[in-house]
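Commentary on secondary and tertiary structure
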Amino acid sequence: MPPGSLVSAARHYTDAWSITVLMRPDLRFSSHSRLNLLCLVLTVLALALQHSFFGNSPGITAAICSAAIGLALLLHWAITPLRLEIQAINLHAQNLQDGSFNTSANQLTVHELRPLADSLQRMSAQLRAERATLYQRELLLDTVLQSSPTALLLTDAADTVLMSNAAARQLLHASKAFDGSKLHTIATDKPELHQALMRQQQGLIRLDTAEQSVWHLSVSQFQLNQKLHWLYLLKPLTREIQREELNAWKKLLRVIGHELNNTLAPLSSLAFSGGQLAQQQQHNQLGQLFDTISERCLQLNQFVQAYIEFAKLPPPQLANINWPRLINQLQDQYEFELLGCLPAADWQADAQQLMQLLLNLLKNAHESGSTPEQITLKPVEHPDKLLLIIQDAGGGMSDEILQHALVPFYTNKSGGSGIGLTLCRDIIEAHGGHIGLRNKPPGLEVTLTLPRHQPHTTA
């Protein structure tokens, strides 16, 4: 081949390689392939120059080939550490992409690319810290949601329940898990609540149960991962509404009591004066009439004072309860059987108010027709609460009476005032607890829940 043709072929081959490698970045070559291709092109150029200037000399050709091989080996030796550094950094970057933030590039391998490796290392540490923070926040949020008294439901556009908390499971499905179920299959045993959820009817919902619970339903929609979701929140308002109702009754009682006292005081005075005058004039029948009026005024005044005392119940003053003394005082007025042992831990309560509360319940138990041997008081201690369970054998209450037993001024007794159980509920709720009524053969079971308070605190 003429020297000019060999030079032209080498130049053409070199241009083709440049265009292929440099102008086509979409083609992928390994570092070995690029290095070998570069050495091959240099060798062809060297041979072309040899033929152009020195002719076909075997010695020079061998020298050029040896030099090309040495250059290839030298370049390979020089580029190998950099290639290893690049591999280490690529592996670190792939770990970051896969979400593994606990790995890093080999510090013994990386030298020339140390700034880049350090930047990736700082990025890994920052991402690791942020992921730990997000995990802690998610854990805290889940703990708050699961312990919240507000029932929470999250559904998708197809009404599939994606998430629910403990309050929602207890309210809607008897504490059973129902994630993944359809919304229309939930709370079918509570028609009012089921209908409100289906219609997304926001507002107050009164459940027709023994507790007459009241809930507030709020519904909101939002986009999550470009998909429509619905959030249902059911907030319990039973205690708040009962407290407001009780406060309204107390205000009304104070107004009525004030007006009645203003009327009864002069009537009682006039009746007493009339009785004295009739006695002086020896009008026996007229004297008896005035005595009857005075007696009725006195009874009405005592009746009004009972309501006024209920309306002016002071906040409880908490102190440690002396249980033996309390039980002895109760048994001095009403007979009952004590089941189990007295509370061993220190429990904070207002002794006088707790005494009045238990006396009212024991009085009701005796009026139910139970014999003293059938009336029991059983304390049950828990780490965070104390249960006082009173059981009688009076046959219990009808469903209607049981539903309205805690409503102010509701009574089924002739001559009853309807404030006995209401006063009991007011006292126990002022202590932060609650009262529960249920029929348990052979009679009624009343459960008082008293929470644990820190010493030297006032409710």
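About the cut-offs
- Residues numbered from 1 in each chain as written.
- Predicted model: local features only at pLDDT ≥ 70, side-chain atom pairs only at ≥ 80, totals over all residues.
- Heavy atoms only, no water.
- Core = buried A, V, L, I, M, F, W, Y, C linked by side-chain atoms within 4.5 Å.
- Buried < 20%, exposed > 50% of the residue type's maximum accessible area, 1.4 Å probe, protein only.
- Contact = heavy atoms within 4.5 Å.
- Axes fitted to C-alpha atoms, helices over the stretch in contact; angles between N-to-C directions.
- Helix = DSSP H or I, 4+ residues; strand = E, 2+ residues; numbered from the N terminus.
- Left-handed = near helix turned anticlockwise from the far one by under 90°.
- Nonpolar A, V, L, I, M, F, W, Y, C, P; charged D, E, K, R; others polar.
- Expected span 1.5 Å × (residues − 1).
- Polar contact = N/O pair within 3.5 Å; in protein donor to acceptor, adjacent residues only side chain to side chain.
- Pairing = 2+ DSSP bridges.
- pLDDT = per-residue confidence, 0-100.
- Salt bridge = Lys/Arg side-chain N within 4 Å of Asp/Glu carboxyl O.

1. Re the nonpolar core
- Formed by 34 residues in total, the largest nonpolar core has its most connected members in Leu330, Leu354 and Leu361.
- Setting aside chain neighbours within four positions, we find Leu330 in contact with Phe336, Met355, Leu358, Leu359 and Leu362.

2. What to know about the packing of helix α10 (residues 351-367) against helix α12 (residues 420-430)
- Here α10 crosses α12 at 145 degrees, and the two axes come no closer than 9 Å. Remark: the crossing between α10 and α12 carries left-handed chirality. Within the contact between the two elements, α10 uses Gln353, Gln356, Leu357, Asn360, Leu361 and Asn364 and α12 uses Gly420, Leu421, Leu423, Cys424, Ile427 and Ile428.
- Class assignment for the residues of the contact of α10 with α12 results in 7 nonpolar, 5 polar and no charged.

3. Things to note about α10
- The terminal C-alpha atoms of α10, which comprises 17 residues, lie 24 Å apart, in line with the 24 Å expected from a rise of 1.5 Å per residue.
- Among the residues of α10, Gln353, Leu354, Met355, Leu357, Leu358, Leu359, Asn360, Leu361, Leu362 and Ala365 are the ones counted as buried.
- Check the buried side of α10 and you find it contacts α9 (323-333), β8 (348-349), β10 (385-391), α12, β11 (434-440) and β12 (443-451).
- Measuring from the side-chain oxygen of the N-cap residue of α10 to the backbone nitrogen of Gln352 gives 3.2 Å; that N-cap residue is Asp350.
- One or two residues past the end of α10 sits Gly369, with phi positive at roughly 100 degrees.

4. Some remarks on the sheet that holds β11
- Spatial strand order, β7-β9-β10-β12-β11: 5 strands in an open sheet with mixed pairing. Unpaired on one side and paired on the other, β7 (337-338) and β11 mark the two borders of the sheet.
- Relative to strand β9 (residues 376-381), β7 is paired through 2 bridges, and the arrangement is parallel. Residue pairing for β9: Leu338 is matched across the bridge by Leu377.

5. A word on the confidence of the model for the protein
- Across the protein, the average pLDDT comes to 76, with 68% of residues at 70 or higher.
- Segment residues 1-7 is flagged for pLDDT under 50; beyond a separation of four residues in sequence, or across chains, it makes 8 contacts in the model.
- Note that residues 21-27 has pLDDT below 50 and, in this model, 8 contacts with residues that lie over four places away or in other chains.

6. Some words on the packing of α9 against α10
- Here α9 crosses α10 at 40 degrees, and the two axes come no closer than 11 Å. In this structure, α9 meets α10 at a crossing whose hand is right-handed. Of the residues in α10, those in contact with Trp323, Leu326, Gln329, Leu330 and Gln333 of α9 are Leu354, Met355, Leu358, Leu359 and Leu362.
- Its residues assigned to classes, the contact of α9 with α10 comprises 8 nonpolar, 2 polar and no charged.

7. So, the pairing of strand β1 (residues 151-156)
- Counting buried positions along β1 yields 6 of 6 residues, so the element is predominantly enclosed.
- Both faces of β1 are covered, namely the face carrying Ala151, Leu153 and Thr155 and the face carrying Leu152, Leu154 and Asp156.
- Note that β1 and strand β5 (residues 227-236) share 6 bridges and pair antiparallel. By the bridge assignment for β5, Leu154 is matched with Leu231.
- Two elements, β1 and strand β2 (residues 161-164), share 3 bridges in a ladder whose sense is antiparallel. Along β2, the bridge assignment pairs Leu153 with Ser164.
- Connecting the antiparallel pair β1 and β2 is a turn made up of 4 residues, with Asp159 showing a positive phi of about 65 degrees.

8. What to know about the pattern of salt bridges
- Enumeration over the complete set of coordinates arrives at 4 salt bridges.
- A salt bridge links Lys190 to Asp189; the nearest nitrogen and oxygen atoms lie 3.7 Å apart.
- Given a relative accessible area of 55%, Asp189 falls into the exposed group.
- In this structure, Glu367 engages Lys363 in a salt bridge whose closest nitrogen and oxygen atoms are separated by 2.6 Å. One end of the pair is Glu367 and the other is Lys363, both in helix α10 and 4 residues apart, which spans about a single turn.
- Look at Lys363 and you get partly exposed, because its relative accessible area is 33%.
- Beyond isolated ion pairs, a larger network of salt bridges with shared partners links Arg438, Lys440 and Glu445.

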